[in-house]
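Secondary and tertiary structure notes
Listed below, chain by chain, are the residues.
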Amino acid sequence: MLNHLRDEGRRVLLCTVSSDSHTWNLVFLQLLLEEHGHDVTNLGSCTPDDLVVARCLSDRPDLLVISTVNGHGHADGKRLITKLRREPALRTLPVVIGGKLGIAGAADVDRAGELVEAGFDAVFAEGADLSGFNRFVSTARERRSLEGAAP
Ligand code: B12
């Protein structure tokens, strides 16, 4: 049973955006992902853009999860995904962002479209259903190999 869970596990790189010093959101997500059998590398708070790009290139995770709550996530996230997608090796890496994306509470859900347009595969704004996130994570590798195979 344990071996089966390990086989299903994804290698997840977890970070926030460069301006965000909150940490409990990262701890929460690390525990959630590990409870579901995933192998998590948590880069901690105020993660510099260049470090995230470098670790994605060196670690080749199955998925990058970005958590942000300080209200700058939509702007910092857009800048970060633009840098990630500029790297040919990271064009199909599944990347998801979630948390409090701005300072408008529930209305921040409206920012999801522009973030997807900028290159995110999925956006989980405040109040989003965590089971949807768990499903997304467990299918991340298949998504990448399917996208990678596309012409
Ligand atoms: C504790 C706290 C702090 C602590 C952080 C200590 C630490 N080590 O983390 C301190 C005092 C340092 C702090 C600082 C600041 N904070 Co503060 N902080 C909080 C507080 C009270 C709790 C945050 C927390 O730990 N929650 C517990 C974790 C587990 O939950 P969470 O963060 O909400 O994350 C959940 C969801 O968002 C979601 N989620 C998060 N990320 C992701 C990602 C994905 C993919 C998914 C699916 C889900 C998901 O899952 C989590 C569990 O449900 C909140 C208010 C609140 N009640 O939420 C304000 C809050 C986050 N802080 C806020 C602000 C503005 C700041 C400061 C800018 C204040 C200032 N002017 O200096 C600074 C930040 C500076 C910076 N550079 O980032 C605002 C953000 C405004 C907004 N987004 O609307 C909040 C909301 C307070 C408020 N109501 O105004 N803060």
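Attention in this report is confined to the structure presented alongside it. (Residues numbered from 1 in each chain as written. Predicted model: local features only at pLDDT ≥ 70, side-chain atom pairs only at ≥ 80, totals over all residues. Heavy atoms only, no water.)

Re the coordination of the cobalt atom of the ligand
Short version of the rule: Donor criterion used throughout: N, O or S atom within 2.8 Å of the metal, extended to 3.2 Å for Na, K and Ca. Water excluded; incomplete-looking sites may result. The helix count covers DSSP runs of H or I at least four residues long, the strand count covers runs of E at least two residues long, and both are numbered beginning at the N terminus.
There is one protein donor for the cobalt atom of the ligand, and it is His 22 (NE2), at 2.2 Å. Here His 22 lies in the loop between β1 (11–15) and α2 (24–35).

Considerations on unusual backbone geometry
Note on backbone geometry: most residues besides glycine have negative phi, and most peptide bonds are trans. What counts, and what does not: Note on classification: 1.4 Å probe, protein chains only; a residue is buried when its accessible area is under 20% of the maximum for its type, exposed when over 50%, partly exposed between these limits.
The phi torsion at Cys 46 lies on the positive side, around 45°, for a residue other than glycine. Relative to the elements of secondary structure, Cys 46 occurs in the loop between β2 (39–42) and α3 (49–59). One non-glycine residue with positive phi stands out, namely Arg 60, at about 45°. Here Arg 60 lies in the loop between α3 and β3 (63–68). With a relative accessible area of 38%, Arg 60 lands in the partly exposed category.

Some words on α3
Operational definition: Think of the arc as the fan of directions from the helix axis to the C-beta atoms. Should any heavy atoms of two residues lie within 4.5 Å, those residues are counted as being in contact.
Listed as buried for α3 are Asp 49, Val 52, Val 53 and Cys 56. Along the axis of α3, the buried residues cluster in a sector spanning 100°; they form a single face. Facing away from the buried surface of α3 by more than 90 degrees, the exposed residues are Asp 50 and Ser 58. Contact partners of the buried residues in α3: β1, β3 and α4 (73–86). After α3 finishes, the residue Arg 60 shows a positive phi value of roughly 45°.

Some remarks on the site of the ligand
For the record, the criterion: The near set for a molecule or strand comprises every residue that places at least one heavy atom within 4 Å of it. Two N or O atoms count as a polar contact when they lie within 3.5 Å, although within protein this holds only if one can serve as hydrogen donor and the other as acceptor, and sequence-adjacent residues are included solely when both atoms are side-chain atoms. For this classification, Asp, Glu, Lys and Arg are treated as charged, while Ala, Val, Leu, Ile, Met, Phe, Trp, Tyr, Cys and Pro are nonpolar and the rest, including Gly, are polar.
Neighbouring the ligand are 23 residues; Ser 19, His 22, Thr 23, Ser 67 and Val 69 lie closest to it. The side chain of His 22 places a nitrogen or oxygen atom 2.8 Å from a nitrogen atom of the ligand. Gly 98 is positioned such that a nitrogen or oxygen atom in its backbone is 3.4 Å from a nitrogen atom of the ligand. Elements that contribute at least two residues to the shell around the ligand include exactly α2, β3, β4 (95–99) and α6 (130–138). The biggest single contributor to the shell around the ligand is α2, with four residues. Per-class residue counts for the shell around the ligand are nine nonpolar, 11 polar and three charged.

So, to be careful, I would describe these as geometric facts and stop short of saying anything about function.
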